[in-house]
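What the coordinates show
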Amino acid sequence: MLNCSWAQFRLGFSEIDSQVKLPLKDVRDGDQPVNNRQHIGRGFYVSVTTGFKCVDFRKFYMPYGQTEIRSTRKGIALRLAEWDQMKKVMELIDGAYPTLANALPCYLAYDHQNQLAALDCRECHPFTIE
Ligand SMILES: [Zn+2]
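What counts as what
- Residues numbered from 1 in each chain as written.
- Predicted model: local features only at pLDDT ≥ 70, side-chain atom pairs only at ≥ 80, totals over all residues.
- Heavy atoms only, no water.
- Donors = N, O, S within 2.8 Å, 3.2 Å for Na, K, Ca; no water.
- Tetrahedral: all angles 85-135°; square planar, octahedral: opposite > 155°, others 65-115°.
- Helix = DSSP H or I, 4+ residues; strand = E, 2+ residues; numbered from the N terminus.
- Buried < 20%, exposed > 50% of the residue type's maximum accessible area, 1.4 Å probe, protein only.
- 1 Å grid on protein atoms, 1.4 Å probe; cavity = no way out; pocket = protein on both sides within 12 Å on 5 of 7 lines; lining within 4 Å.
- Points joined across faces, edges and corners; volume = space filled by probe spheres on them.
- Nonpolar A, V, L, I, M, F, W, Y, C, P; charged D, E, K, R; others polar.

**What to know about the coordination of the zinc ion**
Coordination of the zinc ion by the protein comes from Cys 106 (SG), His 112 (NE2), Cys 121 (SG) and Cys 124 (SG), over a distance range of 2.1 to 2.3 Å. One can describe the donor arrangement at the zinc ion as tetrahedral, given that its 4 donor atoms subtend angles of 102 to 119 degrees at the metal. Sequence positions of the residues that donate to the zinc ion give the spacing C-x5-H-x8-C-x2-C. Of this pair, Cys 106 sits in the loop between α4 (98-101) and α5 (115-120) while Cys 124 sits in the segment after α5, and the two are 18 residues apart along the sequence. The two residues Cys 106 and Cys 124 agree in class, both being buried.

Below you can see the structure in the form of structure tokens.
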């Protein structure tokens, strides 16, 4: 399951990085609103938001009877300089663990071509009520 979250994060990495890098001034100053939240499996999301000078890795939950997810305190916010360091660490991880570097997210697996099986996946749909 960790492989799947890592794979989802790696696939969405360039978009997250572009949100951080290209409009860096926008993320910092709010000239152009940036509000990007990517699901990386189970209840975890990575987000970049104007006004918050960080990349936020955080677990979310669905309050009972609600339709909007909410953030928990479980997570970490990397400052933009720490994000640059994280990118270097990711290269080291990819080099040291090729299996992890080449992992594919579960939504690309054969069983996800069946809609019911895909909807049953807790990695992709963590807030579905059974
Ligand atoms: Zn899945």
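Here the narrative resumes, following the displayed structure.
**Digging into the layout of surface pockets**
Over the atoms rolls a probe the size of a water molecule, and in doing so it shows where empty space is left. Taken as a whole, the second largest pocket holds about 180 Å³ of empty space. In terms of lining residues, the second largest pocket is bounded by Asn 35, Arg 37, Ser 47, Val 48, Thr 49, Phe 52, Cys 54, Asp 56 and Phe 60. Contributing elements (two or more residues each) for the lining of the second largest pocket: β1 (35-39), β2 (44-49) and β3 (52-61). For the lining of the second largest pocket, the per-class residue count stands at 4 nonpolar, 3 polar and 2 charged.

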